[in-house]
Structure formats: structure tokens, C-alpha cells
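Inside the fold
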Amino acid sequence: MKSITGVKVADVVSVYSGAPGDLFQLMFGQQIHVGGMKASIDLADRAGVAAGMKGVDLCCCNGADMRFLVRFRNVASMVGVDVTEAIVERGRRLTREEGLDDKIRFILADACQSGLPSASADFIWSEDAWCYVPDKPRLIAEAARIVRPGGVIAFTDWVEGPAGLSDSEAQGFLGLMTFANVEDIAGYAKLLSGSGCEVRVAEDTGRFPSHADLYLNMIEMQLMYDALRPLGFSTDLLETFLGGFRFLAELARAGKIAQARFIARRV
């Protein structure tokens, strides 16, 4: 696991409460993860998420994935946990606007200590969010505690790729993204096994390189004015932001970072 010092949960809250969070939503849409709804469909199909199930989304952001699951997978209910108040309030508003607030509940809390009952969910869900959590062993343990025996933990996340990051690349990547650390596929699989889960899928989705280029093209070719607005129309700030994404795209094409998919069953 590659790591840096000085990054705390409060730093992540600051990112998603301000202009960077607004830019991420502009680039990614409501579903702030690589692959959007197609990625969600793929993860739900592979994990066997079906009608009538009860799920928990740890690090739920604005709740878009929960709304997808309720609307398109007929999930009976979802509870979303996130530590950023501004994002949780946005999620509650969007959920009310879509008329889904009778099936979706938000909790403002640290995903590592959610306060939810043990063995209370049929599945745990997350897409590209656990990379922001510094204490990944504690997070995986919390997911395993909440899901019932026989239930599923299904998530995607940004990970170190098979080519590996040099120390300088890791420092640049982690600092840019406000990640305290980054796991690799084997590391997550080990954490899941150590928390009493049978790992069924642990693999690179292969999406990152093409999607990183897509997000850059969207801003540079179509949405530049929209992207400038949260930055106070500073072209210098936007160029810094885009430069960071160009760096991510280079790392992804070199196999040094990736989006990985994990599906595990609680024994």
C-alpha cells in the first residue's frame, strides 16, 4: 500500500464541500464514479443484487447509486452513510425530488463507525469511494459487520495498478486526489478474507484509461464555461485541474492506477 502523511477525513470533506466536488459532479454526472450507470448495472448483475433486498452504501456521496438500485433493481430499501454534510443534504434533496425518499435514508457519519446494526443488510455497496477512507482495514471490517452471513459486499475502487507507482508518482497521485493511501487488488482481497469473506471477484475493470480521456474531452471540448463557474472563472485554476487529470490519464494508460471490481460473500 502506498501512502502519504497529513491527509485526514476533514480534507476530503473540504474537497466535496467546495469547488472540486462541483467539478467532479460536472465531469462524472450524479454518479461520481468511472463508468456511470453502465458500471453500476455490471456490478449489480455480477453481485446478484435483486428485487426486495436491503442494502447499505458506505460512502454514498449524493446517493445516486442508491437511487439507481431502488429504481432499476427494485431494491426494497437503502441506507447511505457519508461524512460530508453538504453532500448528504444534496443527496436528500435529490432523493426527495425523485420521489424515492420512502426507500432511501441518509446517515451523516464516518463509514468506519456507521452505528448501523450488525447483520442488518443483504448487501454492502460502494463505487469508487473507499479510496478516500484512510483506515481501509477498519472500513472493510465495518462492511463485514453490517452485512448478514451469506450477504454480499460489492464495490469498485481506484487502486494501484499492476505496473506499480513509483514513490514520486504515488506522492503526486495521492496528493492530487486527497487520498491518504491507495490499496492494490491483492491488498483489498486480503482485507476481505481477513474479515470473514469469501472473495469471488477481484479484478481490473479495464475502464480507467478510456474514461479518463473522456472526462478531459468533455471539459475541453464542450463544458469549459460550466467548469469555470465554480472556479470563479479562473482559467489558471481550471488548467491546474485539467493538468491533474492529464496526469491521472497517463498513469492509467501505463497500468499504474486502475479501477478494480470486488465481490465477496460474508461467510
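Since the model is a prediction, treat every value here as computed from it, not as a measurement.

Another point: the pattern of salt bridges. Under the definition given, this model contains 19 salt bridges. In this structure, Arg71 engages Glu98 in a salt bridge whose closest nitrogen and oxygen atoms are separated by 3.0 Å. Taken together, the residues span a long stretch of sequence, with Arg71 in helix α4 (residues 64-72) and Glu98 in the loop between α5 (85-97) and β4 (104-108) at a distance of 27 residues. Using a relative accessible area of 30% as the deciding quantity, one classes Glu98 as partly exposed. Between Glu220 and Arg246 there is a salt bridge; the shortest N-O distance is 2.7 Å.

The next subject is helix α11 (residues 235-253). The first and last C-alpha atoms of α11 sit 27 Å apart over 19 residues, in line with the 27 Å expected at 1.5 Å per residue. Contacts from the buried residues of α11 go to α2 (19-28), β6 (147-160), α7 (167-177), α9 (208-221), α10 (224-228) and β9 (257-266). Positioned one or two residues after α11, Gly255 has a phi angle of 75°, which is positive.

A separate point is the side chain of Asn181. One can find Asn181 in strand β7 (residues 181-182). Polar contacts involving the side chain of Asn181 include one to the side chain of Lys136, which spans 2.4 Å. Setting aside chain neighbours within four positions, we find Asn181 in contact with Met1, Lys2, Ser3, Cys131, Val133, Pro134, Lys136 and Leu174.

If you look at the biggest cluster of nonpolar residues, it comprises 41 residues, and the most contacted ones within it are Phe24, Phe28, Trp158, Phe173 and Phe245. Of all the secondary-structure elements, those providing two or more residues to this core are α1 (9-17), α2, α7, α9, α10 and α11. In this structure, Phe28 is in contact with His33, Val34, Trp158, Tyr215 and Phe245, ignoring residues within four places of it in sequence. Residues Val56, Val133, Ile146 and Leu192 belong to the second largest nonpolar core, which totals 32 residues.

This part takes up the pairing of strand β5 (residues 121-127). The element β5 is extensively covered by neighbouring structure, given that seven of its seven residues are classed as buried. As paired strands, strand β2 (residues 54-58) and β5 are joined by three bridges and run parallel to one another. Within β5, the residue paired with Val56 across the bridge is Ile124. Here β5 pairs with β6 via six bridges, running parallel. By the bridge assignment, Ser126 is partnered in β6 with Phe155.

Summed over all chains, the structure comprises 18 aromatic pairs. Here the aromatic rings of Phe123 and Trp125 are separated by 6.4 Å at their centres, their planes lie at 80°, and the arrangement is edge-to-face. Each member of the pair Phe123 and Trp125 is classed as buried. Among the aromatic residues, those joined into a cluster by ring pairs are Tyr16, Phe24, Phe28, Tyr132, Trp158, Phe173, Phe179, Phe208, Tyr215, Phe241 and Phe245.

Moving on to unusual backbone geometry. A positive phi angle, close to 50°, is found at Ala119, a residue other than glycine. Turning to its location among the elements, Ala119 is positioned in the loop between β4 and β5. Accessibility expressed as a relative area gives 42% for Ala119, which makes it partly exposed. At Thr178, a position not held by glycine, the phi torsion is positive, near 60°.

The rules behind the values
- Residues numbered from 1 in each chain as written.
- Predicted model: local features only at pLDDT ≥ 70, side-chain atom pairs only at ≥ 80, totals over all residues.
- Heavy atoms only, no water.
- Salt bridge = Lys/Arg side-chain N within 4 Å of Asp/Glu carboxyl O.
- Helix = DSSP H or I, 4+ residues; strand = E, 2+ residues; numbered from the N terminus.
- Buried < 20%, exposed > 50% of the residue type's maximum accessible area, 1.4 Å probe, protein only.
- Expected span 1.5 Å × (residues − 1).
- Contact = heavy atoms within 4.5 Å.
- Polar contact = N/O pair within 3.5 Å; in protein donor to acceptor, adjacent residues only side chain to side chain.
- Core = buried A, V, L, I, M, F, W, Y, C linked by side-chain atoms within 4.5 Å.
- Pairing = 2+ DSSP bridges.
- Phe/Tyr/Trp six-rings, centres within 6.5 Å; stacked < 30°, edge-to-face > 60°.

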